[in-house]
Amino acid sequence: MLSRTADHLYWMSRYIERSEGLARLVDAHYRMSLLPHDDGVLAESLGHTMKALHIEDAYRERHAVIVPRAVFEFVTLDREFAGSILSCLRAARENARAVRGTLTSELWETLNSTWLDARSLASRTSPHDDIGRFVEWVKERLHLTRGVTIGTMLRDEAFHFTRIGTFLERADSTARLLMARQDDLRPGADAGSVPDPFEWSVLLRALSAFEVYRRLYRDVITPVKVAQMLILRDDMPRSLLRCSKELYSNLKSVGNEQSAETERRAGEMHAILHFARMEDILESGLPEFLEHYLGRVRDLGDRIAHDFLLPPVEA
Amino acid sequence: MYLSDGTTRPHYLSYDHWLKEQPAERLAQKRAEADALFHRVGITFAVYGQEEGAERLIPFDIVPRVLPLEEWVRLERGLKQRVRALNAFIHDIYHDQQILKAGVIPAEQVLCNSQYRPEMQGVDVPGGIYAHIAGIDIVRDDEGEFRVLEDNLRVPSGVSYMLENRKMMMRLFPELFSGHRVAPVDHYPDVLLDNLRSVAPTGVADPTVVLMTAGAHNSAYFEHAFLAQQMGIELVEGQDLFVRDEVVFMRTTQGPQRVDVIYRRIDDDFLDPLAFRPDSMLGVPGLLTAYRAGRITIANAIGTGVADDKSIYPYVPEMIRFYLGQTPIVGNVHTWMLRKPQDLAYVLAHLPDLVVKEVHGAGGYGMLIGPAASKAEIEDFRQRILAAPDRYIAQPTLALSTSPTFAGQGIKPRHIDLRPFVLSGRDITIVPGGLTRVALREGSLVVNSSQGGGTKDTWVLEG
């Protein structure tokens, strides 16, 4: 496969995953905003989240203070902001268009009409009333997109690069959202307490893990259990362990002459999580652990680009 | 569709009968359905000079253009004859130049032409084929005779619309296809790939063919992606290719892979920044060297433009006589060459009745349509002609026949032309039909999509 094609597929799926993650985040916060709540807490949770996702500065350029509705509009509909859901859907579609011949026509048509419909829906969406419906719709479209991807694509290189993009983005996003709650997870923080049920339930909803948590633990929400579930559970689709496992196996399937070291590092990252124990992680510090993990994800991204997507010119 | 006395031409009888039974609302609804489908599938073209990323549909007309088999068979013979002669001409020009020595075409017309590529002099190409894909624009004159309006031998486009229009018609009106024996066109990509493989450099047993595009912002990008997908070959940009030791490779995730045939959809000028335009970001440095060394086949060949220039067009019937010793089966539209004093005098005296074209213009730009032009426009053009008469040719305006077209409120006559695609490899092949373009504005003679033209399905009826 052409390196450029792999590059477009990789970014297409990263942007799809990113828009879905953002849609979940907005959705979770938006639902909370409809319940009786303290505006300060909601704003604080949004502030932490934006900081962890590195989009706080872009927001501050437009708004002096964090106002939930302004944040929702900014993250969802702002065309000028390259990190908004709308911009990510556009970028996903542009990448897909550049390799439309490699995608199944079902997948291309799904992505194309998602972008065309999103564009026209967005222009009719009032930031005050319809944001909830809009992000709900985005989530549905992206569930459909994933179904079409898995249901129609040949399990060839194109599919593996698509999956690599998905899991790299997802690993990055889960780790960042946990980072946003790091204050509750410092060593010595009381493992049993529920410091802020509001922020923690938003986090769980944003990772589609709220109901799962209840089923697995049948207990009140505690930060350590949440962290355990989102880091170390192999059966949790958005956990760091699951993402690392998928990354490793998809990378192995596309390996080439120069990618041995990249594969080794992906395998190592998976092994570390596979054999890790929560008490050890907490003892050496969860924020440090997550920092370290994010560093590995970044390194893998760079190495994948070097080995497969933008190989050095050789003439 | 109709004869001048108002009766229906025989091959249209059955379609006309069906059409008359269709309520206008159903047609309008089908038309809207077609637009929605084209949008979803992304069958769009980029518009130059508009906001970045602007994509438009080429309007699709739901009334097909129907050709009876016997007319098609004659046209097909004429097109094959013409393309054979054109390939012979290009080969001759880049080798012995016998046609110039014989004085059939003035040498300066060819050798001073900006499309003549001295780099190609003495270069042998596989099978002696230069124009592997030719799009020949055909019109019907007022006597019902087919005539060639233009030969497109560089990077002719539009074939994806021929294929997609057929798919759309079968989706919208399946009942029509059970009642008519319409010759199929959907094997075009197979024939094209087979042809491209047949012209690989000698000694390559299992050639790798790629399609080269300028990228996703090119106006014909949809077609490039579509054809590459249909043929199952890689769609490459210049940045994906590199040349090492006169061999062309593409960069893949598994390392460099050798390329043997490039079906290129970018102009000569942009192919190789070392040989042609140094500012080209689209090309591949060293490609021309690899090409001249016979290590890669480029389709269409470099330098084919010398044969499709409007100043060479008037000589094509002479080429057919010169190289094949045959009488042309399909003629040209009568053309005045304004570099000839007597032609110039005639044209200047009849400007309001004629179409005047710039010899190097394309896409419907740089032309005067006498009957549709204002007095001021005609005077302006007269000055431009007088300043450089050799840059212009003129043709009569009767050259476009009409076909019934769905025009919002009902069926109205609109001017059309036809572009069949002639493929040259081991043999010359034409899938029956082609792209029918239609000038949607009432009275308009310009069918180019950049100038408000649309397209329709083209049916060759097998009995």
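Small disclaimer: the values here were computed from a predicted structure and weren't measured. One numbering rule holds for all chains: residues counted from 1, following each sequence as written. To read the labels, note that chains go from A and ligands from 1, taken in the order they are written. Totals for whole chains, interfaces and linings use every residue, but because this is a predicted model, local features are given only for residues with pLDDT of at least 70 and side-chain atom pairs only at 80 or more, for both listing and counting. With hydrogens and water excluded, all non-hydrogen atoms of the structure serve as input to the side-chain values.

Peer 1: Describe the overall build of chain B, naming the residues involved and giving the relevant values.
Peer 2: Helix numbering and strand numbering both begin at the N terminus, where a helix is a DSSP run of H or I of at least 4 residues and a strand a DSSP run of E of at least 2. The secondary structure content of chain B amounts to 14 helices and 23 strands. In this treatment the radius of gyration is a C-alpha quantity, and the globule benchmark scales as 2.2 Å times the residue count to the 0.38 power. Scaling as 2.2 N^0.38, a compact globule of 463 residues should have a C-alpha radius of gyration of about 23 Å, and chain B matches this with 22 Å. By principal-axis analysis of the C-alpha atoms, chain B measures approximately 65 × 60 × 45 Å. By residue count, 59% of the 463 residues in chain B fall in the buried class. Only heavy atoms matter for contacts: two residues are in contact if any of them lie within 4.5 Å across the pair. Taking the contacts inside chain B whose residues are at least 6 apart along the sequence as the reference set, 67% of them involve residues at least 24 apart. For the exposure calls, accessible area comes from a 1.4 Å probe over protein chains only, and a residue counts as buried if that area is under 20% of its type's maximum, exposed if over 50%, partly exposed in between.

Peer 1: Outline the interface of chain B and chain A, listing residues and values.
Peer 2: Taken together, the contact between chain B and chain A spans 26 residues of the former and 28 residues of the latter. Computed with a 1.4 Å rolling probe, the buried area is the accessible surface lost when two parts are put together, summed over both parts. Around 2300 Å² of area is buried between chain B and chain A when both sides are counted, 43% of it from carbon and sulfur atoms. When the area that chain B buries against chain A is broken down by residue, the three leading residues are Arg40(B), Arg251(B) and Thr253(B), summing to 28%. What counts as a salt bridge is simple: a side-chain nitrogen of Lys or Arg found within 4 Å of a carboxyl oxygen of Asp or Glu. Joining chain B to chain A, the criterion identifies 3 salt bridges. Among the salt bridges present, the one from Arg40(B) reaches Glu109(A), with a minimum N-O distance of 2.9 Å. Among the secondary structure elements, those contributing two or more residues to the side of chain B that touches chain A are helix H2 (24–41), helix H9 (221–231), strand E7 (234–236), strand E8 (241–244) and strand E9 (247–252) of chain B. If you tally residues by element for the side of chain B that touches chain A, the top one is H9(B), at 4 residues. We call Asp, Glu, Lys and Arg charged. Ala, Val, Leu, Ile, Met, Phe, Trp, Tyr, Cys and Pro are nonpolar, and the rest, Gly among them, are polar. When its residues are assigned to classes, the side of chain B that touches chain A shows 11 nonpolar, 8 polar and 7 charged.

Peer 1: Account for the nonpolar core, naming residues and giving values.
Peer 2: To form a nonpolar core, buried Ala, Val, Leu, Ile, Met, Phe, Trp, Tyr and Cys residues must be joined to one another through side-chain atoms within 4.5 Å. Leu230(A), Ile231(A) and Leu290(A) are the most contacted members of the largest nonpolar core, which totals 105 residues. With 13 residues, the top contributor of residues to this core is helix H1 (residues 3–34) of chain A. Not counting residues up to four positions away in its chain, the partners in contact with Ile231(A) are Leu178(A), Ser239(A), Leu240(A), Leu241(A), Leu273(A), Met278(A), Leu286(A), Phe289(A) and Leu290(A). If you look at the next biggest cluster of nonpolar residues, it comprises 70 residues, including Leu67(B), Ile138(B), Met212(B) and Leu418(B).

Peer 1: Would you mind going over the packing of helix H8 (residues 157–179) of chain A against helix H15 (residues 286–309) of chain A in detail, with residue names and values included?
Peer 2: Residues and elements named next belong to chain A. Lines fitted to C-alpha atoms define the axes, with helix axes restricted to the stretch in contact, and inter-axis angles between N-to-C directions lie between 0 and 180 degrees. Between H8 and H15, the shortest axis-to-axis distance is 10 Å and the interhelical angle comes to 160°. In this view, H8 runs roughly antiparallel relative to H15, as classed from their interaxial angle. Two packed elements cross with a definite hand, and for H8 against H15 that hand is left-handed. Across the interface between the two elements, Phe161, Ile164, Leu168, Ala171, Asp172, Ala175, Arg176, Leu178 and Met179 of H8 pack against Pro287, Leu290, Glu291, Tyr293, Leu294, Val297, Arg298, Leu300, Gly301, Ile304, Phe308 and Leu309 of H15. Convention used here: angles under 35 degrees read as roughly parallel, angles over 145 as roughly antiparallel, angles from 65 to 115 as roughly perpendicular, and any remaining angle as oblique. The sense of a crossing depends on the near helix, which, turned anticlockwise from the far helix by less than a right angle, makes the crossing left-handed and, turned clockwise, makes it right-handed.

Peer 1: Got a sec to walk through the pairing of strand E19 (residues 411–419) of chain B? Specific residues and values, please.
Peer 2: Residue and element names in this part refer to chain B. Whether two strands pair depends on DSSP finding at least two bridges between them. Here strand E18 (residues 402–406) runs beside E19; their pairing, made up of 5 bridges, is antiparallel. Considered in E19, the bridge of proline 404 is made with proline 413. In terms of strand pairing, E19 meets strand E22 (residues 435–439) through 4 bridges, oriented antiparallel. Within E22, the position partnered with aspartate 417 by the bridge is arginine 437.

Peer 1: An account of the pattern of salt bridges is requested, with residue identities and associated values reported.
Peer 2: Under the criterion given, the structure shown has 57 salt bridges over all chains. The partner of Arg277(A) in a salt bridge is Asp280(A), and the shortest N-O contact between them spans 3.1 Å. The partly exposed category is assigned to Asp280(A), whose relative accessible area is 36%. Here Arg140(B) ties to Glu71(B) by a salt bridge, and the two come within 2.9 Å at their closest N and O atoms.

Peer 1: Explain the sheet that holds strand E10 (residues 255–258) of chain B residue by residue, including any values.
Peer 2: Residues and elements named next belong to chain B. The 3 strands are arranged E8-E9-E10 in an open sheet whose pairing can be described as antiparallel. A single partner strand is all that each edge strand has here, and the edge strands are E8 and E10. The mean angle between the axes of side-by-side strands here comes to 40°, regardless of whether they run parallel or antiparallel. As judged from the 4 bridges shared by E8 and E9, these two strands associate in the antiparallel manner. Bridged to phenylalanine 242 within E9 is phenylalanine 249.

Peer 1: Give me the side chain of Glu157(A): which residues, what numbers.
Peer 2: Examined against the element boundaries, Glu157(A) turns out to sit in helix H8. In this structure Glu157(A) is buried but unpaired, with Arg4(A) as the nearest side chain of opposite charge at 14 Å. Within the structure, Glu157(A) has its side chain in polar contact with the backbone nitrogen of Met1(A) (distance 3.3 Å). When sequence neighbours within four positions are dropped, the list of residues in contact with Glu157(A) reads Met1(A), Val254(A), Thr253(B) and Gln254(B). For the purpose of charge, His is not counted, nor are the chain termini; Lys and Arg are scored as positive and Asp and Glu as negative. Whenever a nitrogen or oxygen atom comes within 3.5 Å of another N or O atom, the pair is scored as a polar contact, on the condition that within protein one atom can donate a hydrogen and the other can accept it, and that pairs from neighbouring residues in sequence are kept only if both atoms are in side chains.

Peer 1: Got a sec to walk through the sheet that holds strand E14 (residues 336–337) of chain B? Specific residues and values, please.
Peer 2: Residues and elements named next belong to chain B. Strand order in this open sheet of 4 strands is E14-E17-E15-E16, and the pairing throughout is antiparallel. Of all strands in the sheet, those with a lone pairing partner are E14 and strand E16 (367–369), marking the two edges. Note: strand E15 (residues 354–358) against strand E17 (residues 392–396), 5 bridges, orientation antiparallel. When the sheet's bridge partners are listed, glutamate 358 is paired in E17 with tyrosine 392. Against the sheet, helix H14 (residues 375–387) makes contact with E15, E16 and E17, and its axis sits at roughly 140° relative to E16, the strand it touches most.

Peer 1: Break down the packing of aromatic side chains for me, with residues and values.
Peer 2: Think of it this way: a Phe, Tyr or Trp ring, Trp meaning its six-membered ring, pairs with another when their centres are within 6.5 Å, and the plane angle makes it stacked under 30 degrees, edge-to-face over 60, tilted otherwise. This model, assessed by the stated rule, comprises 22 aromatic pairs over all chains. Summarising the aromatic geometry, the rings of Tyr10(A) and Trp11(A) are spaced 5.3 Å apart at their centres and angled 85° between planes, so their arrangement reads as edge-to-face. Take Tyr10(A): its relative accessible area is 3%, and that puts it in the buried class. Under the relative-accessibility criterion, Trp11(A) is labelled partly exposed at 28%. Measuring from centroid to centroid gives 5.5 Å for Tyr15(B) and Trp18(B), while their planes differ by 35°, and the two rings are tilted. A residue pair is termed a helical-turn pair when its members lie 3 or 4 positions apart in one helix, as Tyr15(B) and Trp18(B) do in helix H1 (residues 13–21) at 3 residues. With respect to class, Tyr15(B) is no different from Trp18(B); both count as buried. In textbook terms, an aromatic cluster arises when at least three aromatic residues are bridged by ring pairs, as seen for Tyr15(B), Trp18(B), Phe173(B), Phe177(B) and Trp459(B). For Arg205(A), the ring lying beneath its charged end belongs to Phe210(A), and the centroid distance is 4.0 Å. The rule for a charge over a ring is simple: NZ of Lys or CZ of Arg within 6 Å of the ring centre, and within 35 degrees of the ring normal. Lying over the aromatic face of Phe173(B), Lys30(B) brings its terminal NZ or CZ to 5.9 Å of the ring centre.

Peer 1: Please give an account of empty space enclosed by the protein that cites residues and values.
Peer 2: Take a probe with the size of a water molecule and roll it over the atoms, and the empty space left behind shows itself. Residues and elements named next belong to chain A. The rule is simple: put a 1 Å grid over the protein atoms alone, call a set of points where a 1.4 Å probe fits but cannot get out a cavity, call an open set with protein on both sides within 12 Å along at least five of seven lines a pocket, and count a residue as lining if it has an atom within 4 Å of a point. Grid points are joined across faces, edges and corners, and a volume is the space filled by probe spheres set on the points. For the structure on display, the rule yields 7 cavities of 30 Å³ or more. Each pocket or cavity is described by its volume, and for the largest cavity that value is around 130 Å³. Along the walls of the largest cavity sit 13 residues, with Ile16, Arg146, Thr149, Arg163 and Thr166 positioned nearest its centre. Counting only elements with at least two residues in the lining of the largest cavity, the list comes to H1, helix H7 (131–152) and H8. Its residues assigned to classes, the lining of the largest cavity shows 4 nonpolar, 5 polar and 4 charged. Its boundaries defined by the atoms lining it, the second largest cavity holds a volume of some 80 Å³. Considering the residues around the second largest cavity, the lining is formed by Leu22, Leu25, Val26, His29, Leu46, Thr49, Met50, Leu53, Ile55, Val71 and Val75. For the lining of the second largest cavity, the secondary-structure elements that each account for two or more residues are H1, helix H2 (39–52) and helix H4 (68–77).

Peer 1: Quick one: what's the story with the environment of Asp353(B), residue by residue and with numbers?
Peer 2: All names here are of chain B. Relative to the elements of secondary structure, aspartate 353 occurs in the loop between helix H13 (341–349) and E15. By relative accessible area, which is 44% here, aspartate 353 ends up partly exposed. Along the sequence, aspartate 353 and isoleucine 369 sit 16 residues apart, while their C-alpha atoms lie 8.0 Å from each other. When residues no more than four places from it in sequence are discounted, the contact partners of aspartate 353 are Pro371 and Thr397.

As far as function goes, none of this settles anything; it's purely spatial.
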